[in-house]
Amino acid sequence: QGAVGDASLQARGASDEGVVLYVCATPIGNLGDVTLRVLEALRTVDLIAAEDTRRTRKLLAAQDIHTPLTSLFAHNEAQKTAQVLERLRAGEGWL
């Protein structure tokens with residue numbers, strides 16, 4: 001639907017085009033390597049799904065971001081994917 005940094009970030013999840021799912025790379029080494037666009041998306045979405053919540057929590061804490069976080073990885077992918085799709089259909093923005 002849109003790239004991180006689009007005006008749709010201003011709409012807190014829903015835009016004129018509909019709900020947006022952002023897929024963003026986060027740093028695995030130096031937390032300072034995260035881009036400003038990713039930080040904006042992390043602050044704007046309704047929920048963050050992360051493969052490694054421990055690492056993501058460190059990034060969120062370092063940037064004073066309080067967006068709710070859930071895990072999404074190989075062992076829970078089938079279960080969580082259905083939940084993600086349901087919440088997207090309900091109008092939530094995800095990262």
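This structure is a prediction, so every number in the text was calculated from the model and none was measured.

Enumeration over the complete set of coordinates arrives at two salt bridges. A salt bridge links Asp52 to Arg54; the nearest nitrogen and oxygen atoms lie 3.7 Å apart. Note on Asp52: relative accessible area 33%, which makes it partly exposed. A salt bridge links Glu92 to Arg87, with the nearest nitrogen and oxygen atoms 2.8 Å apart.

The subject of this paragraph is helix α3 (residues 77–89). Helix length check: α3 (13 residues) gives 18 Å between terminal C-alpha atoms against 18 Å at 1.5 Å per residue, within 8%. Inspection of α3 places Lys80, Val84 and Leu88 among the buried residues, and these make up the whole buried set. Each buried residue of α3 sits inside an arc of 75° when the element is viewed along its axis, so together they form one side. Away from its buried face, by an angle of more than 90 degrees, α3 presents the exposed residues Ala78, Gln79, Glu86 and Arg89. Note on α3: the residue one or two positions beyond its end, Gly91, has a positive phi of about 105°.

What follows deals with the environment of Gln63. Counting through the fold element by element, Gln63 comes out in the loop between α2 (53–62) and β4 (69–71). Owing to a relative accessible area of 27%, Gln63 belongs among the partly exposed residues under this scheme. For the pair formed by Gln63 and Leu31, sequence separation is 32 residues and the distance between their alpha carbons is 9.4 Å. Beyond its immediate stretch of four places on either side in the chain, Gln63 contacts Leu39 and Arg43.

Nonpolar side chains tend to gather and get buried jointly when the protein is soluble and globular. Residues Val20, Tyr22, Val34, Val38, Leu39, Leu42, Val45, Ile48, Leu59, Leu60 and Ile65 constitute the largest nonpolar core, which totals 11 residues. Among the elements of the structure, α1 (36–44) and α2 are those that each provide at least two residues to this core.

Procedures and definitions
- Residues numbered from 1 in each chain as written.
- Predicted model: local features only at pLDDT ≥ 70, side-chain atom pairs only at ≥ 80, totals over all residues.
- Heavy atoms only, no water.
- Salt bridge = Lys/Arg side-chain N within 4 Å of Asp/Glu carboxyl O.
- Buried < 20%, exposed > 50% of the residue type's maximum accessible area, 1.4 Å probe, protein only.
- Helix = DSSP H or I, 4+ residues; strand = E, 2+ residues; numbered from the N terminus.
- Expected span 1.5 Å × (residues − 1).
- Arc of directions from axis to C-beta.
- Contact = heavy atoms within 4.5 Å.
- Core = buried A, V, L, I, M, F, W, Y, C linked by side-chain atoms within 4.5 Å.

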